[in-house]
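Listed below, chain by chain, are the residues.
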Amino acid sequence: MSETPPIPLCEPYLRGNAGAYLGECLATNYVSSIGPFVERFEREFAAHVGARFAVACASGTAALHTAFRLLGIEKGDEVFVSTLTFIASANPVLYEGATPVLVDSEMSSWNMDAGRVIEEIEARIRSRRKLPKAIEPVHVLGHPAALDRLVELCDRHGIVLIEDAAEALGARYREGPFRGRHVGTVGRLGCFSFNGNKIITTGGGGMIATDDESLARRARHLTTQAKLPGVEYDHDEVGYNYRLSNLAAAVGVAQLEILPECLARKREIAARYQKAFSGVEGLSLPPACSWADPTFWLYSVLIDPDTFGLDRTALFERLRAQRIQSRPLWKPLHTMAVYRDSPRLGGAVAEGLFARGLSLPCSVGLTDLDQDRVIDAVLSHRQRGR
Ligand SMILES: Cc1ncc(COP(=O)(O)O)c(C=O)c1O
């Protein structure tokens, strides 16, 4: 008897010209970070998101770290960052010796609670305390963070807004002051990831998007070891080997060509889950605010154990037994040993989301048949109980 095939959570979708473009790199010997695909990927990415400049980096983490260096974040500075996120949002703050202040989520989008941030800034102004140097909202799981009030706050008080858009390529604003704009292009700098699980991948890679030419120029300099032009190995500051390779960029160009297809499929998968799960007691659907155009990069539901009849760990195990991969949401940073002593803002919304949230399979290549298998597995204990 053949074994039931596994259903992965979110695997790469490497169709189109990736192989052909990689072949070009091999045939021409342009494999390292010097090569035509790097610039082409930057140009086409910038055009896609609507930024003036894009700088390709070795990873999303490298992009964020470079961004903090560009902004001069250093010891003694604070950066407000979402607590419900992958650890790489905050680690680069620590790389620079600065202090991350971990902000709770709001329930409506699962993103940084802007109201809580505003309250804190106003309280600090009243008591003449130091303001954070930067605010770093994360567009978590592909849902845009509400930025209108944060942009206004940052502009008013000289705070820099830097967007962690690692998970949100393709997400835009539908309404409001940023209507039509792509996430990652509202703040001074926006950072993206092309890690293997992201909506498009380069194996590993990242991008900084900005409208500021001098920041883009300096980002290119810092990510290439801060080497000065010329044949001598002369460097004017401490830089990094953070540039994306031509090989990875070749895959990136091919992936960008099929991004519309990937986004359409993600949204179709979300719509099918929504249809199957709407009205199921104890199962809440992921956020989809009316002003936002989310990508549903990782399709995630919230489970209320009392009414659903299983908690998220039991559902995880039940799916695993059927060879279906699922994952809890991000563990809030403030609950981890590394960040336990970091200052915090807000209550326990992120902890509640973590306790109840589960991401379900949503690879671009997921078939309807496999998705039906997931849906049946999620609902099976209820059908049996009827
Ligand atoms: C929110 C967030 N920030 C940063 C990163 C870091 O990106 P990378 O893995 O490309 O370094 C990731 C994902 O990997 C992420 O999900």
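What counts and how
Residues numbered from 1 in each chain as written. Predicted model: local features only at pLDDT ≥ 70, side-chain atom pairs only at ≥ 80, totals over all residues. Heavy atoms only, no water. Buried < 20%, exposed > 50% of the residue type's maximum accessible area, 1.4 Å probe, protein only. Helix = DSSP H or I, 4+ residues; strand = E, 2+ residues; numbered from the N terminus. Arc of directions from axis to C-beta. Contact = heavy atoms within 4.5 Å. Phe/Tyr/Trp six-rings, centres within 6.5 Å; stacked < 30°, edge-to-face > 60°. Lys NZ or Arg CZ within 6 Å of the ring centre and 35° of its normal. Lys, Arg positive; Asp, Glu negative; His and termini not counted. Salt bridge = Lys/Arg side-chain N within 4 Å of Asp/Glu carboxyl O. Pairing = 2+ DSSP bridges.

Let's shift gears to helix α6 (residues 148–157). The complete set of buried residues in α6 reads Leu150, Val151, Leu153 and Cys154. All buried residues of α6 project into a common sector of 165° when viewed along the axis, lining one side. The exposed residues of α6 that point more than 90 degrees off its buried face are Asp155 and Arg156. Buried residues belonging to α6 abut α5 (114–126), β4 (134–136) and β5 (160–164). Downstream of α6 by a residue or two, Gly158 has a phi angle that is positive, lying close to 65°.

Now for the packing of aromatic side chains. Counted by the stated rule, this structure contains 12 aromatic pairs. Both rings, one in Tyr240 and one in Tyr242, keep their centres 4.7 Å apart while their planes meet at 10°; by these two values the pair is stacked. Here Tyr240 and Tyr242 have matching classes, each one buried. Taken together, the aromatic side chains of Phe41, Phe45, Phe192 and Phe194 make up a single cluster linked through ring pairs. Over the face of the ring belonging to Tyr21 we find Arg40, whose NZ or CZ atom lies 5.1 Å from the ring centre. The ring of Phe354 carries Arg312 above its face, with NZ or CZ at 4.8 Å from the centroid.

Structurally, Asp164 can be placed in strand β5. Buried charged residue Asp164 carries no salt bridge. Nearest counter-charge: Lys198, at 8.1 Å. Sequence-distant contacts of Asp164, defined by excluding residues within four places in its chain, comprise Leu64, Ser89, Glu136, Pro137, Val138, His139 and Cys191.

Across a regular strand the side chains alternate sides, sitting on one face of the sheet and then on the other. The two faces of strand β11 (residues 300–303) match: Ser300 and Leu302 on one face and Val301 and Ile303 on the other face are all buried. Of the pairings in the sheet, the one linking strand β9 (residues 283–284) to β11 comprises two bridges and is antiparallel in character. Opposite Leu283, over in β11, you have Ile303 as the bridge partner. Strand direction decides the pairing type here: β11 and strand β14 (residues 357–359), joined by three bridges, are antiparallel. Residue pairing across strands places Val301 opposite Leu358, the latter belonging to β14.

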